[in-house]
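Summary of structural features
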Amino acid sequence: MESGQEFRPYIPPDQDVPEFTPKAILLGVFFGILFGAATVYLALRAGLTVSASVPIAVLAIAVFKKLGKSTILENNIVQTIGSAGESVAAGVVFTIPALLFLSGGADYFKYLTISVLAAVGGILGVLFMIPLRRALIVKEHGKLRYPEGVACADVLIAGERGGNLAGMVFKGVGAAMLYKFLYGILGFWNETATWFRTGRQGKIPDATLSCDVTPEYLGLGYIIGPRIAGELASGGVLSWLGLIPLISIFVADGRIVQDLKNLGFTDAWMASHSHAEWIYRAYVRYIGAGAVACAGVMTLIKTLPTIVSAFRESVKSFGAGGEKGGAVRTERDLGMGIVVVGSLVLALLITVLPGFPHGPFPGSIVMGLLVVVFGFFFVTVSSRIVGIIGTSSNPISGMTIATLMATCVVFVAIGRTGDVYQAVALCVGAMVCVAAANAGATSQDLKTGFLVGATPRGQQLGFIIGVLTSTLVIGGTLFLLDKTYAMGEAHGIGGPKLAAPQATLMATIIKGLLAQNLPWAPVLVGVFLAFMAQMAGAHALSWAVGAYLPLSTTFPIFIGGQMKALADRLANRREESELSSGMLYSTGLVAGGSLGGVLIALVAFIGDFFLHMEKPTLLEALDLGSKIYPGVKNGLVSGGILCAVVFAILCILLVRNARKSLEA
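Residues numbered from 1 in each chain as written. Predicted model: local features only at pLDDT ≥ 70, side-chain atom pairs only at ≥ 80, totals over all residues. Heavy atoms only, no water.

With that out of the way, let us pick up the overall build of the chain. Within the chain, the regular secondary structure consists of 27 helices and 2 strands. The buried share of the chain, taken over its 664 residues, is 61%. Sequence separation of at least 24 residues holds for 81% of the intrachain contacts in the chain that already meet a minimum separation of 6. Just so you have it, the chain exposes about 24900 Å², and 65% of that area is on carbon and sulfur atoms. (Helix = DSSP H or I, 4+ residues; strand = E, 2+ residues; numbered from the N terminus. Buried < 20%, exposed > 50% of the residue type's maximum accessible area, 1.4 Å probe, protein only. Contact = heavy atoms within 4.5 Å. Areas by Shrake-Rupley, 256 points an atom, 1.4 Å probe, with all protein chains shown as cover.)

This is the structure we're talking about:
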């Protein structure tokens, strides 16, 4: 489809069906709270999150079938409101716990402060996305795929139509959840397989090829296709099979250890991680962050004409009046007046709120200005990134790193380098991080709404409701976990059970920049590598994301892309429909894998909180693989082969189902 204006959604614009109803709002709020709390727990323990839109859409269909009938637009409102909880929680957990590691930051680690940061960042993400909707979702329909948004629309349409369409989705859900249960709960094989690794000595030291054998990554790779999946993986190949071995050859261990300690890593951390991980944390991750920042700038420059056009159209629509400018139901957005006034009010609020880390007024206006400028920039970048590679691979932490770098540079330039400004810089990064995460989720949901024929205004209001309700629980969950895992210390966050890896990195960057000792060399290397990728004709942003993320994350996505290429070749087709057996089954893999990840987190939560299991934990007690055949499961060669075999079975099932024909 070349033009969004020619597109005909599932529910026509002139058809008025129940959408923004009380039951849809209440169920969406419930799922937002549930997934928000689960995301806090998962992100604190492992630094990872699961995408919520598709799982919530599946759950909404199932729940409403039990409770009574619902329309496709009501189901869409449920997943819109519910997904806000996951995206806000991810932005909060990746940044705000860093307050505990900054000078004086613990004084601001309070429920009200956390809730305000989350609410302001989340609402700004929604507001900034409103004038971009027509430009990115409508005008670039057919160019920006928004894979999770398309997958979510497939789920909703399949649930509405029933028959084989719904059956194919739930077949993927069932396969993924069974797969996740067998390795995540019963432990029959490991989640990550290491298929190639060299030692610290030799011609190519510290080269590593690992793969997270997860159904959600496989399904995502199929949805985004072989080209983008290949660009993603190529960045990881350069990092883990090129740069890390190169640095290992020429940089002495003493220098690496010292650089890690300068960044805040301890001897205990180094003892429990591989030498390749040392190099990744000390240098390569900063190279990836520099590449993401540079690619983001290039993306913004390329997008500027579209942005200007979007603003012009939005202003015209607002000036013409609500009814006249938004006569077509599927084109009704919240007005530009709400965007402008709302953004200014929020920016002013954070500069004057008592007990908030902003410094004295009017100097605190600098903080509000930075939040608005960087927030709009990275909302734009995030909204476009997820259109290319999906929410699951959206490098939110990389954008936050770039925000913190720029904020600290501004503070250094105006002489605000004291310890008191560490918390201020972190709060700027936190609000921008939450805004970017929320904008990515909002973009996917608006794409879903565009495909199914939703009213944009209703979705935008729904997302704001989801932000406000989920923030009430996110802060409480954060405090509950922090106190529960304290184990005699002042805070549990940062300890052995709640390592908060992303927040720890943010704190070290802030302290390093304000003290002017950040390793700029690897950052600049990443900048020039991003230029290289763009000049070579690749999508610099896709490549940069791959360079930043672990190869274990991008490689299964690459395999998923190759499965799509294989299925297309076997079916002798050039392009697969968004409503096809392969896309629907892949949607099920993403949904089932995401739900399985939440299930694993909930099982661990039950063992820790209710059963008070220390050693072994509940997951360790259920780990049958380590009890029956520990040598096979945990062996470097045998464990990798075991993972390869079961993952190959998942790939075969994907290709077989992708070749099946559907009857609507």
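Between the first and last C-alpha of helix H17 (residues 420-452) there are 49 Å, a value that for 33 residues agrees with the 48 Å anticipated at 1.5 Å per step. With 32 of its 33 residues buried, H17 lies for the most part within the structure. Directly after H17, the chain includes glycine 453, whose backbone phi takes a positive value near 95°. (Expected span 1.5 Å × (residues − 1).)

A few words now on the pairing of strand S2 (residues 208-212). In terms of burial, S2 is a largely internal element, 5 of the 5 residues being buried. Neither face of S2 is exposed, since Thr208, Ser210 and Asp212 on one face and Leu209 and Cys211 on the opposite face are all buried. Where strand S1 (residues 192-197) lies against S2, 5 bridges are found, and the strand directions are antiparallel. Opposite phenylalanine 196, over in S2, you have leucine 209 as the bridge partner. (Pairing = 2+ DSSP bridges.)

Once that is clear, we can look at the packing of aromatic side chains. Within this structure, the stated rule accounts for 11 aromatic pairs. Plain terms: the ring middles of phenylalanine 30 and phenylalanine 31 are 5.5 Å apart, the flat faces sit at 55° to each other, and that makes the pair tilted. Residue phenylalanine 30 is classed as partly exposed on the basis of its relative accessible area of 47%. Among the residues examined, phenylalanine 31 registers a relative accessible area of 4% and is labelled buried. Connected via pairs of aromatic rings, a cluster forms that spans Tyr179, Tyr183 and Trp189. One residue, lysine 23, lies across the ring of phenylalanine 64, its end atom 5.3 Å from the ring centre. (Phe/Tyr/Trp six-rings, centres within 6.5 Å; stacked < 30°, edge-to-face > 60°. Lys NZ or Arg CZ within 6 Å of the ring centre and 35° of its normal.)

Packed helices, taken two at a time, are described by the angle their axes make and the gap between the axes. Viewed as axis vectors pointing N to C, helix H9 (residues 226-250) and helix H21 (residues 540-548) meet at an angle of 40°, and their least axial separation amounts to 6 Å. It follows that H9 is oblique to H21 by the angle criterion. The chirality of how H9 crosses H21 is right-handed. Between H9 and H21, the residues in contact are Ile228, Glu231, Leu232, Ser234, Gly235, Gly236, Leu238 and Ser239 and Ser542, Trp543, Val545, Gly546 and Ala547, respectively. Of the residues that constitute the contact of H9 with H21, the class distribution is 6 nonpolar, 6 polar and 1 charged. (Axes fitted to C-alpha atoms, helices over the stretch in contact; angles between N-to-C directions. Parallel < 35°, antiparallel > 145°, perpendicular 65-115°, else oblique. Left-handed = near helix turned anticlockwise from the far one by under 90°. Nonpolar A, V, L, I, M, F, W, Y, C, P; charged D, E, K, R; others polar.)

A complete count under the given rule lists 13 salt bridges for this structure. Linking arginine 227 and glutamate 231 is a salt bridge whose minimum nitrogen-to-oxygen distance equals 3.5 Å. Taken together, the positions of arginine 227 and glutamate 231, both in helix H9 and 4 residues apart, correspond to about one turn of that helix. Of the residues examined, arginine 227 reaches a relative accessible area of 52% and is grouped as exposed. Judged by relative accessible area, which is 10%, glutamate 231 ranks as buried. Connected through salt bridges with shared partners, the residues Arg133, Arg134, Glu331 and Asp333 form a single ionic network. (Salt bridge = Lys/Arg side-chain N within 4 Å of Asp/Glu carboxyl O.)

By the criterion of burial, helix H8 (residues 215-224) is predominantly enclosed, with 10 of the 10 residues buried. Residues Pro215, Glu216, Tyr217, Leu218, Gly219, Leu220, Gly221, Tyr222, Ile223 and Ile224 constitute the buried set of H8. Backbone geometry just downstream of H8 places glycine 225 in the positive-phi region, at approximately 90°.

What follows deals with the nonpolar core. Counting 197 residues, the largest nonpolar core has Val92, Phe109, Leu218, Met431, Leu478 and Phe647 as its most contacted members. Residues within four places of valine 92 in sequence aside, it is in contact with Pro97, Ile114, Ala118, Val434, Ile474 and Leu478. Judged by nonpolar contacts, the second largest core, of 16 residues, contains Ile25, Val29, Ala38 and Phe64. (Core = buried A, V, L, I, M, F, W, Y, C linked by side-chain atoms within 4.5 Å.)

Any functional reading would require information that these geometric values do not contain.
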